[in-house]
Amino acid sequence: MPVRTATAALVLATSAVSLIVVLSGALVDASVIAGFIPARASGVPGFEGYGLLPVWLTPLSCTFVHAGVLHLGMNMLMLGFTGRETERAVGVAGLLLLYVAGAYSAAAAQWLLDPDALIPMVGASGAASAVIGAYSLLFSQPRVRAIGPIPERVVHVLWLAVAWTIVNLLMWWALLGGGLQIAAAAHIGGFIAGLLLARPLLLLRWRRA
């Protein structure tokens, strides 16, 4: 069966690469080579041997590496569910732009939180969060009112951003006790990128139609 959507292509490509990495036992090496390492982006000495991929590419390459099958499954489920409808609204180019912008926004947010961090960030959560952010804005019904000079549309965006931030901070806090780590800042950064890009991409697509 041919792949008919960019969402399906992203899910299939990411799943294939991630499963190969996990099943081959190369997760540690792949995380170091393809993962986004804030300290490397900051130019901290000691990463001279990590040059198989340029540092500017790692925010995108890290989306193809996942820490396990469960990590992969959760991200691809979110991307598949929200990406299909978002792609219908903003088109193939719009979806891909959302995904890439989300990946780099996620890396930037994680870097800002701890620019000297040595732990590689892997997974498509940040990129998928941008798609989720766009989906939330495009397909949710605003149930808020304008606050003074702030119009209803802006208040809606702010509430979505606050809600997603709280959810991710709660997840981070809950998992921290079990020794697990999630890149909450990356999720938030990707989501905000999706919120900011959703309407311009929608308008751009339909102006061209």
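In the block above lies the structure referred to throughout.
This text gives an overview of the structure that appears in the document.

Conventions we followed
Residues numbered from 1 in each chain as written. Predicted model: local features only at pLDDT ≥ 70, side-chain atom pairs only at ≥ 80, totals over all residues. Heavy atoms only, no water. Helix = DSSP H or I, 4+ residues; strand = E, 2+ residues; numbered from the N terminus. Buried < 20%, exposed > 50% of the residue type's maximum accessible area, 1.4 Å probe, protein only. Contact = heavy atoms within 4.5 Å. Areas by Shrake-Rupley, 256 points an atom, 1.4 Å probe, with all protein chains shown as cover. Core = buried A, V, L, I, M, F, W, Y, C linked by side-chain atoms within 4.5 Å. Expected span 1.5 Å × (residues − 1). Arc of directions from axis to C-beta. Salt bridge = Lys/Arg side-chain N within 4 Å of Asp/Glu carboxyl O. Axes fitted to C-alpha atoms, helices over the stretch in contact; angles between N-to-C directions. Parallel < 35°, antiparallel > 145°, perpendicular 65-115°, else oblique. Left-handed = near helix turned anticlockwise from the far one by under 90°. Nonpolar A, V, L, I, M, F, W, Y, C, P; charged D, E, K, R; others polar.

## Focus on the overall build of the protein
Here comes step 1: The helix and strand tally for the protein stands at eight helices and zero strands.
Here comes step 2: When the helices and strands of the protein are listed from N to C terminus, the series reads α-α-α-α-α-α-α-α.
Here comes step 3: Counting across all 209 residues of the protein, residues that qualify as buried make up 42%.
Here comes step 4: At a minimum sequence separation of 6, the contacts of the protein that also span at least 24 residues come to 77%.
Here comes step 5: Taken as a whole, the protein presents about 11600 Å² of accessible surface, with 71% of it coming from carbon and sulfur.

## Quick notes on the nonpolar core
Here comes step 1: Grouped together as the largest cluster of nonpolar side chains are 13 residues, with contacts concentrated most on Leu10, Met76, Leu79, Leu95, Tyr99 and Val131.
Here comes step 2: Among the secondary structure elements, those contributing two or more residues to this core are helix H1 (6–23), helix H5 (69–113) and helix H6 (125–139).
Here comes step 3: In terms of residue count, the dominant contributor to this core is H5 (six residues).
Here comes step 4: Residues within four places of valine 131 in sequence aside, it is in contact with Leu79, Thr82, Gly83, Thr86, Leu95 and Tyr99.

## Observations regarding H1
Here comes step 1: For H1, which comprises 18 residues, the first-to-last C-alpha distance of 25 Å matches the rise-based estimate of 26 Å (1.5 Å per residue) to within 8%.
Here comes step 2: For H1, the set of buried residues is Ala6, Thr7, Leu10, Val11, Thr14, Ser15, Ser18 and Val21. Axial view of H1: buried residues confined to an arc of 160°, hence all on one face. Away from the buried face of H1 by more than 90 degrees, exposed residues Ile20 and Leu23 are located.

## Let's talk about the pattern of salt bridges
Here comes step 1: In the structure shown here, the tally under the stated rule is two salt bridges.
Here comes step 2: A salt bridge links arginine 84 to glutamate 85; the nearest nitrogen and oxygen atoms lie 3.8 Å apart.
Here comes step 3: Accessibility expressed as a relative area gives 22% for glutamate 85, which makes it partly exposed.
Here comes step 4: Note that glutamate 85 is salt-bridged to arginine 88, the shortest N-O span being 3.3 Å. Of this pair, glutamate 85 and arginine 88 are both found in helix H5, three residues apart, which corresponds to roughly one turn of the helix.
Here comes step 5: Judged by its relative accessible area of 55%, arginine 88 falls in the exposed class.
Here comes step 6: Connected via shared salt-bridge partners are Arg84, Glu85 and Arg88.

## Some details on the packing of H1 against H5
Here comes step 1: Following both chains from N to C, one finds H1 and H5 inclined at 150°, their axes separated by 7 Å at the closest point. One element, H1, and the other, H5, form an angle in the roughly antiparallel class. Relative to H5, H1 is oriented so that their crossing is right-handed. Contact residues: Ala6, Thr7, Leu10, Val11, Thr14, Ser15, Ser18 and Leu19 in H1; Val69, Leu72, Met76, Leu79, Gly80, Gly83, Arg84, Glu87, Val92, Leu95, Leu96 and Tyr99 in H5.
Here comes step 2: When the residues that make up the contact of H1 with H5 are grouped by side-chain class, the tally is 12 nonpolar, six polar and two charged.

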